[in-house]
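# Structural overview
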Amino acid sequence: MDALILLGSLLVLLLVGFPVAFAVGLSAFIGAWWIDLPLEAVVIQITNGINKFSLLTIPFFILAGAIMAEGGIARRLVNFAYIFVGFIRGGLSLVNIVASTFFGAISGSSVADTASIGSVMIPQMEEKGYPRDFAAAVTASGSVQAVLTPPSHNSVIYSLATGGLVTISSLFVAGILPGLMLGGCLMVMCLGFARKRGYPKGERIPFRQALKIFFDAFWGLFTVVIIMGGILSGIFTASESAAIACIWAFFVTMFIYRDFKWSQLHILLFRTIKTVTIVMVLIAFAAGFGAVMTFMQLPTLITDAFTSLSDNKYVILMCINILLLVVGTLMDMAPLILILTPVLLPVATSLGIDPVHFGMIMLTNLGIGLITPPVGTVLFVASAVSKQKIEEVVSAMLPFYGMLFIVLMLITYIPAISLWLPRLMGVM
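Treat the numbers as computed from the prediction; the structure is a model and nothing was measured. (Residues numbered from 1 in each chain as written. Predicted model: local features only at pLDDT ≥ 70, side-chain atom pairs only at ≥ 80, totals over all residues. Heavy atoms only, no water.)

Further remarks concern the overall build of the protein chain. A tally of regular secondary structure across the protein chain gives 22 helices and zero strands. Over its C-alpha trace the protein chain gives a radius of gyration of 21 Å, about what one expects of a compact globule, namely 22 Å for 428 residues. C-alpha extents for the protein chain along the principal axes are approximately 70 × 45 × 45 Å. Taking all 428 residues of the protein chain together, 55% fall into the buried category. Long-range pairs, those at least 24 residues apart, make up 77% of the contacts in the protein chain with a sequence separation of at least 6. In the structure as shown, the protein chain presents an accessible area of about 18000 Å², 69% of it carried by carbon and sulfur atoms. (Helix = DSSP H or I, 4+ residues; strand = E, 2+ residues; numbered from the N terminus. Rg over C-alpha atoms; globule rule 2.2 N^0.38 Å. Buried < 20%, exposed > 50% of the residue type's maximum accessible area, 1.4 Å probe, protein only. Contact = heavy atoms within 4.5 Å. Areas by Shrake-Rupley, 256 points an atom, 1.4 Å probe, with all protein chains shown as cover.)

This part takes up the packing of aromatic side chains. Aromatic ring pairs are reported here in terms of the distance separating the ring centres and the angle at which the planes meet. Throughout the structure, instances matching the rule amount to 24 aromatic pairs. Judged by centre distance (6.0 Å) and plane angle (50°), the ring pair of Phe134 and Phe400 falls under tilted. Placement of the pair is Phe134 in helix α8 (residues 132–142) and Phe400 in helix α21 (residues 390–413), with a sequence separation of 266 residues. Accessibility assignment for this pair places Phe134 and Phe400 in one class, buried. Considering the side-chain rings of Phe214 and Phe215, the 5.2 Å spacing of their centres and the 65° angle between planes classify their relative orientation as edge-to-face. (Phe/Tyr/Trp six-rings, centres within 6.5 Å; stacked < 30°, edge-to-face > 60°.)

Turning our eyes to something else, we now look at the pattern of salt bridges. This model, assessed by the stated rule, comprises four salt bridges. Two residues, Asp259 and Arg75, come together in a salt bridge whose shortest N-O distance is 2.9 Å. One end of the pair, Asp259, is in the loop between α14 (238–257) and α15 (265–295); the other, Arg75, is in helix α5 (residues 73–85), and 184 residues separate them in sequence. Using a relative accessible area of 38% as the deciding quantity, one classes Asp259 as partly exposed. (Salt bridge = Lys/Arg side-chain N within 4 Å of Asp/Glu carboxyl O.)

Turning to its location among the elements, Thr223 is positioned in helix α13 (residues 207–233). Thr223 gets classed as buried once you look at its relative accessible area, which sits at 1%. When near neighbours in sequence (up to four residues on either side) are disregarded, Thr223 contacts Met68, Ile106, Ala245 and Trp248.

Membership of the largest hydrophobic core comes to 150 residues, with the highest contact counts inside it found for Ile58, Phe134, Ile337, Leu344, Phe358, Met362 and Phe400. Top element by residues in this core is α15. It accounts for 13 residues. Apart from residues lying up to four places away in sequence, Ile337 is in contact with Asn154, Ile157, Tyr158, Ala161, Pro342, Met362, Leu363 and Leu366. (Core = buried A, V, L, I, M, F, W, Y, C linked by side-chain atoms within 4.5 Å.)

Another aspect to go through is unusual backbone geometry. Note the cis peptide between Pro150 and Pro151, where omega equals 5°. Turning to its location among the elements, Pro151 is positioned in the loop between α9 (145–148) and α10 (153–161). Cis geometry marks the peptide bond from Pro373 to Pro374, where omega comes out at 10°. Mapped onto the elements, Pro374 comes out in the loop between α19 (355–369) and α20 (377–386). Although it is not a glycine, Asp36 sits at a positive phi angle of roughly 60°.

Okay, the confidence of the model for the protein chain next. Per-residue pLDDT for the protein chain averages 89, and the proportion of residues at 70 or more is 100%. Within the protein chain, no element has a lower average pLDDT than helix α16 (residues 298–309), which sits at 79, and none a higher one than α19, at 96. (pLDDT = per-residue confidence, 0-100.)

Side chains of Leu11, Val12, Leu15, Val16, Phe18, Phe22 and Leu26 sit close together on the surface and give an oily, nonpolar patch of about 680 Å² of accessible area. Within the secondary structure, Val12 is located in helix α1 (residues 2–15). (Patch = residues over 30% accessible without salt bridge, like charges linked within 9 Å, V, L, I, M, F, W, Y side chains within 5 Å.)

Among the structural elements, Ser141 can be located in helix α8. Residues in contact with Ser141, not counting those within four places in the same chain, are Leu182, Leu186, Ile371, Met397, Phe400 and Leu404.

Here it is in structure tokens:
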């Protein structure tokens, strides 16, 4: 009954139109009142939820990504990606995915990836004879990489949701191979489409021009070196690397590329503060919600329920995947990570699944939710950028959903894809 009150009140508040963060917070208070837990205890958990140094990572990475997105880096990354794959049949679809790989490693955001790369690539692809809905589908599915690869904001949130059990550094390194594998699989599928549908080849870029494009893009790409190089070398913590990356992004955008006007800087900062505020409020209220769940022993009850289904961990993992895929279509990613991690992680660890590996499983599932109706935020951005109806983009997305599901199965049932690199680098 306790769980019904807590989760039922959350569902009712969401259905009547409450913002997710406030629905989570208010349902936490309702649950606390139901079990006679002092409301002051919930308030303490809410304040403790954002009183963590590691949370500084989120605003710095969001600001760094926003600065680079506005500073012309997307166009430069597209040109850089064209050097490697643009001359292949169907090359523009491959350029789209490779550019998304680079941009995701700077922004850490699938939404920013779709908006920035899509605004450059979708018109180019249409001009060369690609269907506009196909271009939108390539852009949206390729941007899922940003959920996995560093500096993914959602990896930081998952680390927080585990209560510090999993470090941000281990998640950043763990996401590299799954993210690259996802992009590679999508590229293979695009090559198949190109041959079947006769999409055009591009022209090879002369060496001297390619060298110029490389040096133009280098300054933005060096942000990735700062983030991962600093963390892996031990020079910076994740939070410190985020701050340094933010300073570097500002320097490159304002003094090297100079595509962004100083007069627009305050607008960019305002948008970033607004985004960070929403995230922080959500994290705070989710901490209170998680505390109430713990007092109700809800994680233990759910663990028992899953383990009663089967004693085979592969069957239980499939059940968890189905659950995450379904709820991922109904709610945004960050609140689901904060709500479901304390519930599902005990199930995973009871089966002997490494928390870092489980993080990759959860991020991949919920990343697919970002491009799936009815609430897929990335899907809506792709639709808006491409000026296509949602149903047209979804129709073009169908084969991409199939490929992403194959990638999900590989990540789920081959732990080495997620764990080999962190163990090799000594971050877990």
